[in-house]
Amino acid sequence: MLVLVAPGQGAQTPGFLTPWLDLPGAADRVAAWSDAIGLDLAHYGTQADADAIRDTAVAQPLLVAAGLLSATALGDFVPGAVAGHSVGEITAAVFAGVLDDTAALRLVRRRGLAMAEAAALTPTGMSALLGGDPTTSVPHLEKLGLTPANVNGAGQIVAAGTLEQLAALEADKPEGVRRVVALKVAGAFHTHHMAPAVDALAEAAEALTPAQPRVTYVSNRDGQTVETGGEVLQRLVGQVANPVRWDLCMETFEKLGATALIEVCPGGTLTGLAKRALPGVTTLALKTPDDLDAARALIAEHSAR
């Protein structure tokens, strides 16, 4: 069983969209999406620097566009399950047929703007903990007033909170944590700091008519499979202020019998986690179009099975 997954914010790098725009029809699709949301995705994906694409309002639609573009290049196939990390859940909703491309891009554009507005209210950020044990680290973070905003599995936790709280974490690491690394994001996502964005996203969601998932959709809120399009959309709204439990998603992949996992562009983060947490599962990250042939071969192998 093959799982198709989409990464979240922080996976973007300057120029990462450039080679994908050379694929037939890709530039036209991106131009149409750009017109629909009022953001020049091609510019930000090919010419903008790291600071420009760190902007939440830019990074999120850019990541969804890249994920959709790379998934389309794989050809017409139906994965066994889909999931996304953070904003990648909107990409996954398209994979599942819950939202169409344009609706997803419009929703993520509103999401990015709302989260940027919420982040501007208080200086906040996120930092990854390298090493340590979650049973020790989580209580330590809570003691410092921080939220374990991403519990990613394979021992990886991302803390989120105010810059002062994150500085305190640097000075007072949990037992066993080797380093605390600041992430390329502009706010404490998936915490109570994002509560104002939930209302804005709920308003945007009211204009959408979600379809029923055509494949198994795994929610990063709790790793549960979601049966209806309405619940998928409801979870996408609340997710901005809820922690991401990617560890539970990977547990579900294992229970579903996953044997392969493909991560859409800009791939690498989720396949890295899967290699450590899901031994025996074949992983492939779409970083450039050069990875497409190997991904298609993997899809064909699972289709034959």
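Above this text sits the structure in question.
Bear in mind the structure is a predicted one, so any value in this text is a computation, not a measurement.

K.L.:
Would you mind going over the overall build of the protein with me for this structure?
P.N.:
Along the protein, the regular secondary structure elements total 13 helices and 10 strands. Relative to the globule expectation of 19 Å for 305 residues, the C-alpha radius of gyration of the protein, 18 Å, shows essentially globular dimensions. Across its three principal axes, the protein shows a C-alpha extent of roughly 50 × 45 × 35 Å. At a minimum sequence separation of 6, the contacts of the protein that also span at least 24 residues come to 74%. On the protein, roughly 12200 Å² of surface is accessible, and the fraction owed to carbon and sulfur atoms is 50%. Here the protein carries 21 positive and 32 negative side-chain charges, and the mean point of each set is 4 Å from the other.

K.L.:
Please explain the side chain of Ser137 as it appears in this structure.
P.N.:
On the secondary structure map, Ser137 appears in helix H7 (residues 134-143). On the basis of relative accessibility, which here comes to 2%, the residue Ser137 falls in the buried class. Contacts of Ser137, omitting those with residues within four sequence positions, involve Leu129, Gly132, Ile157, Pro174 and Val177.

K.L.:
What is the right way to look at the layout of surface pockets in this model?
P.N.:
The probe, sized like a water molecule, is rolled over the atoms to show the empty space still left. Considering only enclosed or pocket space, the largest pocket measures out at about 440 Å³ in volume. In terms of lining residues, the largest pocket is bounded by 26 residues, among which Gln9, Gly10, Asn150, Leu183 and Thr269 are the most central. When residues of the lining of the largest pocket are traced back to their parent elements, those giving at least two are strand S3 (124-131), strand S4 (147-153), strand S5 (156-162), strand S6 (177-182) and helix H12 (269-277). Per-element accounting of the lining of the largest pocket gives the leading share, three residues, to H12. Its residues assigned to classes, the lining of the largest pocket shows 13 nonpolar, 11 polar and two charged. What the second largest pocket holds in volume is close to 240 Å³. What lines the second largest pocket is a set of 14 residues, and nearest its centre among them are Ala71, Thr72, Phe77, Phe95 and Arg214. Those elements giving two or more residues to the lining of the second largest pocket turn out to be helix H4 (56-73) and helix H5 (88-95). The leading source of residues in the lining of the second largest pocket is H4, at three residues.

K.L.:
Help me understand the pairing of S5, please; the structure alone is not making it clear to me.
P.N.:
Remark: a regular strand shows side chains that alternate across the two faces of the sheet. In terms of burial, S5 is largely enclosed, as six of its seven residues are buried. As paired elements, S3 and S5 share six bridges and run antiparallel to each other. Opposite Ala128, over in S5, you have Val158 as the bridge partner. Inspection of the sheet shows S4 paired to S5 by five bridges, in the antiparallel sense.

K.L.:
Would you take a moment to explain unusual backbone geometry for this structure?
P.N.:
Glycine aside, the phi torsion of most residues is negative, and most peptide linkages are trans. In this structure, the amide linkage connecting Cys265 to the following residue, Pro266, adopts the cis form with an omega of -5°. Within the element layout of this structure, Pro266 appears in the loop between strand S9 (260-263) and H12. Its identity is not glycine, yet Ser86 carries a phi of approximately 55°, on the positive side. Topologically, Ser86 is positioned in the loop between strand S2 (81-84) and H5. Positive phi is not limited to glycine here, since His190 has a value of about 65°. The residue His190 is located in the loop between S6 and helix H9 (195-205) in this model. According to the relative accessible area criterion, His190 is buried, its value standing at 2%.

Conventions adopted
Residues numbered from 1 in each chain as written. Predicted model: local features only at pLDDT ≥ 70, side-chain atom pairs only at ≥ 80, totals over all residues. Heavy atoms only, no water. Helix = DSSP H or I, 4+ residues; strand = E, 2+ residues; numbered from the N terminus. Rg over C-alpha atoms; globule rule 2.2 N^0.38 Å. Contact = heavy atoms within 4.5 Å. Areas by Shrake-Rupley, 256 points an atom, 1.4 Å probe, with all protein chains shown as cover. Lys, Arg positive; Asp, Glu negative; His and termini not counted. Charge placed at Lys NZ, Arg CZ, Asp CG, Glu CD. Buried < 20%, exposed > 50% of the residue type's maximum accessible area, 1.4 Å probe, protein only. 1 Å grid on protein atoms, 1.4 Å probe; cavity = no way out; pocket = protein on both sides within 12 Å on 5 of 7 lines; lining within 4 Å. Points joined across faces, edges and corners; volume = space filled by probe spheres on them. Nonpolar A, V, L, I, M, F, W, Y, C, P; charged D, E, K, R; others polar. Pairing = 2+ DSSP bridges.

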